[in-house]
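Take a look at the letters that make up each chain.
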Amino acid sequence: MRLLLDIQKKLLPDLLEVLGIRFRILRFIRLMQPIGRRSLATSLGMSERVLRSEVTFLKEQGLIDMATSGMTITDEGKDVLTQLDEVMSDIFDLTNVENKLKECLGLAEVIVVPGDSDEAPWVKKEMGRATVQLMKRYLAYEETKIVALTGGTTVAAVAEMMTPDSEMKETLFVPARGGLGEQVENQANTICATMATKAMGHYRLLHVPDQLSQDSYSSLMEEPKIKEILDLIRSANLVVHGIGEATTMAQRRSSSEEILQTLHEKQAVAEAFGYYFNQNGDIIHKVLTIGLQLEDVIKTKSVVAVAGGTSKAHAISAFMKQKTSNILVTDEGAAKALLELHS
């Protein structure tokens, strides 16, 4: 396959360019369906005239349907797109990028999707779709299926892309930490409920604030119901979490000026699970919160970090030095920036 692609790049470069365009169109329709032609053209940065001829071809091939509500992908289109995913990874050289990242970050698996979520927010949904496929693959042979999820926009995208699956009916989804105080759609509780409903699974919630005073923390940790849900969270065999930029996350949590100053002085670049890290991966600040702690995460069988965008490269690199996550789902922008950091 690699040899054939190299020959095609030399002799038929136009063919690969057309293939890339049609792949992007199908991929976007799959994520955003139903979608109108004008919205699709704007999102892909294409003229309506060029797009018109491409979608007409895809319609004639039976890969998409057109209706007044917009374009949708057919079952045949989904099958073709699934087969194309692996081929396009080779064309974009993403397989090589994945292997290099696995080696330099010391991970068991890396999945890189085409695009940069900093430039095209819909790429975040593509990361979500890839994470859902990975979750189903990792849970397939587990007798007890408990998934712990953090909050954040990227993990919310994973929940959005979850699809019904009879194999997931016995899966229990739990929040990795408290989240009251965040925007509702980005709270771990909301993400848990959404994902469980879409997967046809079950969920339990953790109704505690994201940040607590010492007195509140001590009091809540004595509550039987809190202890019960914490035991479930700590027994998760799959954890899915995001990685945030330190300052952005601190501001989102309405942290005090004193904490913001500390993060600035100690050059914090990353946040995950309520911990803030500098570029060396050292912990420089910790939020007092109920939920998974790093010592719990390390004991978990499979830990999936989902983060993308060129701007997240420093944050991803810093957190990965903790060696708590063994799987990374990211995008092309972050992946290439990470390789530059480690070159």
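What counts, and at which threshold
Residues numbered from 1 in each chain as written. Predicted model: local features only at pLDDT ≥ 70, side-chain atom pairs only at ≥ 80, totals over all residues. Heavy atoms only, no water. Pairing = 2+ DSSP bridges. Helix = DSSP H or I, 4+ residues; strand = E, 2+ residues; numbered from the N terminus. Contact = heavy atoms within 4.5 Å. Axes fitted to C-alpha atoms, helices over the stretch in contact; angles between N-to-C directions. UniProt positions renumbered as here; feature names shortened; annotations may be inferred. Left-handed = near helix turned anticlockwise from the far one by under 90°. Nonpolar A, V, L, I, M, F, W, Y, C, P; charged D, E, K, R; others polar. Salt bridge = Lys/Arg side-chain N within 4 Å of Asp/Glu carboxyl O. Domains from an automatic or database assignment. Buried area = accessible area lost by both parts, 1.4 Å probe. Phe/Tyr/Trp six-rings, centres within 6.5 Å; stacked < 30°, edge-to-face > 60°. Buried < 20%, exposed > 50% of the residue type's maximum accessible area, 1.4 Å probe, protein only.

**A closer look at the sheet that holds strand S8 (residues 244-245)**
- Spatial strand order, S8-S9-S10-S11: four strands in an open sheet with antiparallel pairing. The open sheet is flanked by S8 and strand S11 (283-286), the only strands paired with a single partner.
- The pairing of strand S10 (residues 275-278) with S11 spans three bridges and is classified as antiparallel. Counterpart to Tyr-276 in the pairing with S11 is His-285.
- Against the sheet, helix H15 (residues 313-320) touches S8, strand S9 (268-272) and S10, its axis set at about 70 degrees to S9.

**A closer look at the UniProt feature "domain: CggR N-terminal DNA binding" (unreviewed entry) in the protein**
- Sequence positions flagged by UniProt for "domain: CggR N-terminal DNA binding" (unreviewed entry) are, in local numbering, residues 18-88.
- Between the end C-alpha atoms of residues 18-88 there is a gap of 12 Å, over a span that is 70% helix and 11% strand.

**Comments concerning the packing of H15 against helix H16 (residues 332-341)**
- It is at 9 Å that the axes of H15 and H16 come closest, and there the two elements cross at 60 degrees. Helix-helix and strand crossings are classified by hand; for H15 and H16 the assignment is right-handed. Residues Ala-313, His-314, Ile-316 and Ser-317 of H15 form the contact with H16, whose participating residues are Ala-334, Ala-337, Leu-338 and Leu-341.
- In terms of residue class, the contact of H15 with H16 is made up of six nonpolar, two polar and no charged.

**Points about the sheet that holds strand S6 (residues 202-203)**
- Across the sheet, which stays open at both edges, the seven strands sit in the order S3-S13-S12-S7-S4-S5-S6 with parallel pairing between neighbours. Each of the sheet's edge strands pairs with one partner strand only, and the pair in question is strand S3 (109-113) and S6.
- Looking at chain direction, strand S5 (residues 172-175) and S6 are connected through two bridges and run parallel. From the neighbouring strand, Phe-173 faces S6, where its bridge partner is Tyr-203.

**What about the pattern of salt bridges?**
- Under the definition given, this model contains 14 salt bridges.
- In this structure, the salt-bridge partner of Arg-234 is Asp-296, at a minimum N-O distance of 3.8 Å. Residue Arg-234 is found in helix H11 (residues 224-234), and its partner Asp-296 is found in helix H14 (residues 294-298); the two are separated by 62 residues along the sequence.
- The salt bridge involving Lys-336 is made with Glu-332; its shortest N-O contact spans 3.0 Å. Residue Lys-336 and its partner Glu-332 are both found in helix H16; the two are separated by four residues, about one turn of the helix.

**Here we look at the domain arrangement of the protein**
- Under the domain assignment used here, the protein contains domain 1 (1-89) and domain 2 (93-342).
- Relative to domain 2, the C-alpha centre of domain 1 lies at a distance of 31 Å.
- Counting residues at the interface gives eleven residues for domain 1 and nine residues for domain 2.
- Interface area for domain 1 against domain 2, summed over the two sides, is near 1000 Å², with a carbon-plus-sulfur share of 53%.
- Where domain 1 meets domain 2, there are two salt bridges.
- For Asp-85, the salt bridge goes to Arg-129, with nearest N and O atoms at 3.4 Å.

**Focus: the packing of aromatic side chains**
- For the structure shown, the criterion picks out four aromatic pairs.
- Consider the rings of Phe-28 and Trp-122, whose centres lie 4.9 Å apart with planes at 80 degrees: the pair is edge-to-face. Within this pair, whereas Phe-28 is found in helix H2 (residues 13-32), its partner Trp-122 is found in the loop between S3 and helix H7 (123-139), the two being separated by 94 residues in sequence. Each member of the pair, Phe-28 together with Trp-122, is buried.
- Ring geometry for Phe-277 and Phe-319: centres 5.5 Å apart, planes at 70 degrees, overall edge-to-face. On the criterion of sequence distance, the pair formed by Phe-277 in strand S10 and Phe-319 in helix H15 is long-range, its members being 42 residues apart. For the pair Phe-277 and Phe-319, a shared accessibility class is recorded, and that class is buried.
- Within the aromatic cluster, the residues linked to one another by ring pairs are Phe-273, Tyr-275, Phe-277 and Phe-319.

**Comments concerning the environment of Asp-165**
- Relative to the helices and strands, Asp-165 is located in the loop between helix H8 (153-161) and S5.
- A sequence separation of 34 residues divides Asp-165 from Ala-199, and the C-alpha atoms of the two residues are 5.7 Å apart.
- Those residues in contact with Asp-165, other than ones at most four positions away along the chain, are Lys-136, Ala-199 and Met-200.

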